[in-house]
Amino acid sequence: MISRLTLERASVALRGLAAAGVVVAAFATAGSALAQTKTLKMQSTWPASLTLQDNFKYFAERVDKLTGGTLKIEVHAAGQIVPPFEILDATSKKVIDGGHGISYYWVGKNKAATLFSSTPAGIVGMDQMDFMGWLYEGGGLELWQELYQKELKLNVMAFPILPASPQALGWFRKPIQSVEDFKGMKCRQTGIVGEIYKRMGMATVNMPGGEIVPSAERGVIDCAEWVGGIEDLRLGLPQVWKYHYTPGPHEMSSIGELIINTEVWAGLTPQQQEAIRSATTETFLRWWVKWQKQNADAIEEMRTKHGTQILRTPPDILIAFLKTWDTMAKEESDRNPFFKKVLDSQREYASKVVPAKRFMTPPYSFAANHYWPEHTRKPAAKGKAAPVDK
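Residues numbered from 1 in each chain as written. Predicted model: local features only at pLDDT ≥ 70, side-chain atom pairs only at ≥ 80, totals over all residues. Heavy atoms only, no water.

Caption draft 1: Up close: the overall build of the chain. A tally of helices and strands in the chain yields 13 helices and eleven strands. Long-range pairs, those at least 24 residues apart, make up 76% of the contacts in the chain with a sequence separation of at least 6. Of the roughly 19200 Å² of accessible surface on the chain, 58% is carried by carbon and sulfur atoms. (Helix = DSSP H or I, 4+ residues; strand = E, 2+ residues; numbered from the N terminus. Contact = heavy atoms within 4.5 Å. Areas by Shrake-Rupley, 256 points an atom, 1.4 Å probe, with all protein chains shown as cover.)

Quick look at the structure:
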């Protein structure tokens, strides 16, 4: 017969084993969770001080929360790992896991790249939401992957994330009145936009954003396009030049990209992939609405603190830009089948959406002028530009 003491000792021993089992299981679970946590190293093309970089940071925060901490994005600014304009190749080669930039930087590889940034001119009349519609409802996103993976043979996939537009024409050392005033001016421009302005008479220079102000201070350039509003204020442009023209015809609805190495993407769980998709669309909207208020505050500060003259872009510059782009787009379509394929897709989508939207949507100025009427101003003196009404 087994005594009560023996049974009690056996019970204590079993409880001890059970407790030990729980501890072991807990450590195993924790170890498994740690093993599943991934950190992706990504870099942008933007200086760390800009709100464009804030867009990148917000995306990383949302991915962390949406995945419960199992996927983290290590955010780096321009130049911290590779030079700004090398993030595409660096992502393809897995030097970095991904990047944050804008596709028109890659027109040297294929001019069709500019079409996926909705640049120039807000492709065939589309605004940001029209363009997003083409991406998600008109087959554009699939064509974007085709550009990188089939046309350029890169191990890269892309998502829209950054609606940094509409943008200003830029900053100028002296006032401009017409296209004629462009001629001979040395101006910072990028991508295919630089080629358009070159045809219009500018001597264009391509450089990263962080080099604009030092070049302006040394007199290397006479004018520059960056973004406008808060981005230009943070970059320091109001301290260099006083003539700021808006709007710009070149980036009326430009959209930046998040790129990820395809092997890195394949190594993520389906839930992590879905979190990235969701985080890009949420970042697009949340950053955009915040950016509008930041731009309004920046414009006020430019005027009151820095004495910036915010001036309207002469209409003939806007029209000349559109006509020059149409000519270049036709030329590129004739020699580049993929460019033509993408542009034709955009035209087909826009041919339905843009006219319908124009019919249904009242001009922004309709209610804006009713509640916030522009002040009547005297015509500008000859040789001087008319300021934008406050």
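Back to the write-up after that little detour.
Caption draft 2: Structural detail: the pattern of salt bridges. Taken as a whole, this structure holds 19 salt bridges when the rule is applied. The salt bridge partner of K341 is E146, with a shortest N-O separation of 2.9 Å. Here E146 lies in helix α5 (residues 140–151) and K341 lies in helix α12 (residues 337–360), a separation of 195 residues in the sequence. Across the salt bridge formed by D334 and K330, the nearest N and O atoms sit 2.8 Å from each other. One end of the pair, D334, and the other, K330, are both in helix α11 (residues 315–335), four residues apart, so they sit about a helical turn from each other. D334 gets classed as exposed once you look at its relative accessible area, which sits at 57%. (Salt bridge = Lys/Arg side-chain N within 4 Å of Asp/Glu carboxyl O. Buried < 20%, exposed > 50% of the residue type's maximum accessible area, 1.4 Å probe, protein only.)

Caption draft 3: Region of interest: the sheet that holds strand β5 (residues 170–172). Taken in spatial order, the six strands make up an open sheet running β7-β6-β8-β5-β9-β11, and their pairing is mixed. If you trace the sheet from one side to the other, it starts and ends with β7 (203–205) and β11 (309–312), each paired once. One ladder, built from three bridges, connects β5 with strand β9 (residues 243–246); its direction is antiparallel. Looking across to β9, one finds that G170 is bridged to Y245. (Pairing = 2+ DSSP bridges.)

Caption draft 4: Representation of unusual backbone geometry in the model. Residue P120 is bonded to the preceding T119 through a cis peptide linkage, with omega at 5°. Residue P166 is bonded to the preceding S165 through a cis peptide linkage, with omega at 5°. Relative to the helices and strands, P166 is located in the loop between β4 (156–162) and β5. A positive phi is found at V124, a non-glycine position, where the angle reads about 40°. Along the chain, V124 falls in the loop between β3 (98–101) and α4 (128–137). The phi angle at K153 is positive, at roughly 60°, despite the residue not being glycine. You can see K153 is positioned in the loop between α5 and β4.

Caption draft 5: Broad picture of the environment of G256. Here G256 shows up in strand β10 (residues 256–261). Overall, the relative accessible area of 1% leaves G256 in the buried class. Between the C-alpha atom of G256 and that of I102, which follows or precedes it by 154 residues, the distance is 4.2 Å. Apart from the residues lying within four places of it in its own chain, the contact partners of G256 are G101, I102, F159, P160, I161 and L162.

Caption draft 6: Seen up close, the nonpolar core. Of all hydrophobic cores here, the largest spans 104 residues; its most connected members are Y148, W226, I276 and W325. Among the elements that make up this core, the one with the highest residue count is helix α10 (residues 270–306) (eight residues). (Core = buried A, V, L, I, M, F, W, Y, C linked by side-chain atoms within 4.5 Å.)

Caption draft 7: Structural view of the sheet that holds strand β2 (residues 71–76). Here we have five strands laid out as an open sheet, ordered β2-β1-β3-β10-β4, and mixed in their pairing. Where the open sheet ends on each side, the last strands, each with one partner, are β2 and β4. Mean inter-strand twist for the sheet, computed between neighbouring axes without regard to direction, equals 25°. Packed on one face of the sheet, α10 meets β2, β4 and β10 and runs near 30° to β4. (Axes fitted to C-alpha atoms, helices over the stretch in contact; angles between N-to-C directions.)

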